[in-house]
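Survey of secondary and tertiary structure
So you can see what is in the structure, the chains are spelled out below.
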Amino acid sequence: MDPKFRVSVPGAWRLEAAGNLYLMASREYDMPVVKVLGDAAFQNRITAVQESPKLTQAEKSRMIGKLASMCRPATVNDQGKLLVPKELSTSIEIEANAEVWLVGRGPHFEIWSKENFHKMREIEAAQEEDDDLSIF
């Protein structure tokens, strides 16, 4: 994270970032994180809500509204930098000039503080030991 609250997005990820991006504060393993969603990942979430047989139409409308209100539009600039607004950064425990970790998660990527990234990796490494599917 640079002094202006921007992060460098790896070149391979910029292709996905070429369209619209959405920044969403979230929690994983009870730790704060920013999820960076491209158009496809954002639309997949909306489709999952719309197609859910468990939700009423009113519940679907509320969930889609909540998702939209939680997401902030963003773009990657010509230098490959993504601005993460200061208030969003500090809400996930990241200050200017701090070391951050970008983690690819298939349809989206996440921005973690250094400390929380290491905690998350410990949790996920422990889960790998219980890998009944032999994925890892």
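Located above this text is the structure these notes cover.
Residues numbered from 1 in each chain as written. Predicted model: local features only at pLDDT ≥ 70, side-chain atom pairs only at ≥ 80, totals over all residues. Heavy atoms only, no water.

1. A look at the packing of aromatic side chains
- Within the structure shown, the criterion is met by two aromatic pairs.
- For the ring pair Tyr22 and Phe42, a centre distance of 4.3 Å and an interplane angle of 20° mean the geometry is stacked. One end of the pair, Tyr22, is in strand 2 (residues 21–28); the other, Phe42, is in helix 2 (residues 39–50), with 20 residues separating them in the sequence. Residue Tyr22 shares its accessibility class with Phe42, and that shared class is buried.
- With a centroid separation of 4.2 Å and 5° between ring planes, the pair formed by Trp101 and Phe117 is classed as stacked. Here Phe117 lies in helix 5 (residues 114–128) and Trp101 lies in strand 6 (residues 100–104), a separation of 16 residues in the sequence.
- Judged by its relative accessible area of 30%, Trp101 is partly exposed. (Phe/Tyr/Trp six-rings, centres within 6.5 Å; stacked < 30°, edge-to-face > 60°. Helix = DSSP H or I, 4+ residues; strand = E, 2+ residues; numbered from the N terminus. Buried < 20%, exposed > 50% of the residue type's maximum accessible area, 1.4 Å probe, protein only.)

2. A look at the pairing of strand 3 (residues 31–38)
- Within strand 3, eight of the eight residues are buried, which leaves it mostly tucked inside the rest of the structure.
- Here strand 3 shows no split at all, with Met31, Val33, Lys35 and Leu37 on one side and Pro32, Val34, Val36 and Gly38 on the other all buried.
- Both strand 2 and strand 3 contribute to a ladder of eight bridges, which runs antiparallel. Across the sheet, Ala25 pairs through a bridge with Val34, a residue of strand 3.
- Here strand 2 folds back onto strand 3, and the loop between the two strands holds two residues, one of which, Tyr29, carries a positive phi near 50°.
- With four bridges connecting them, strand 3 and strand 7 (residues 108–113) associate as antiparallel partners. In the sheet register, Val34 faces strand 7, and the bridge partner there is Ile111. (Pairing = 2+ DSSP bridges.)

3. Description of the sheet that holds strand 2
- Spatial strand order, 4-2-3-7-6: five strands in an open sheet with antiparallel pairing. This sheet does not close on itself; its edge strands, each paired only once, are strand 4 (71–74) and strand 6. When the angles between neighbouring strand axes are averaged without regard to direction, this sheet yields 30°.
- Contacts from helix 2 reach strand 2, strand 3, strand 4 and strand 7 within the one sheet, and its direction differs from that of strand 3 by about 105°. (Axes fitted to C-alpha atoms, helices over the stretch in contact; angles between N-to-C directions. Contact = heavy atoms within 4.5 Å.)

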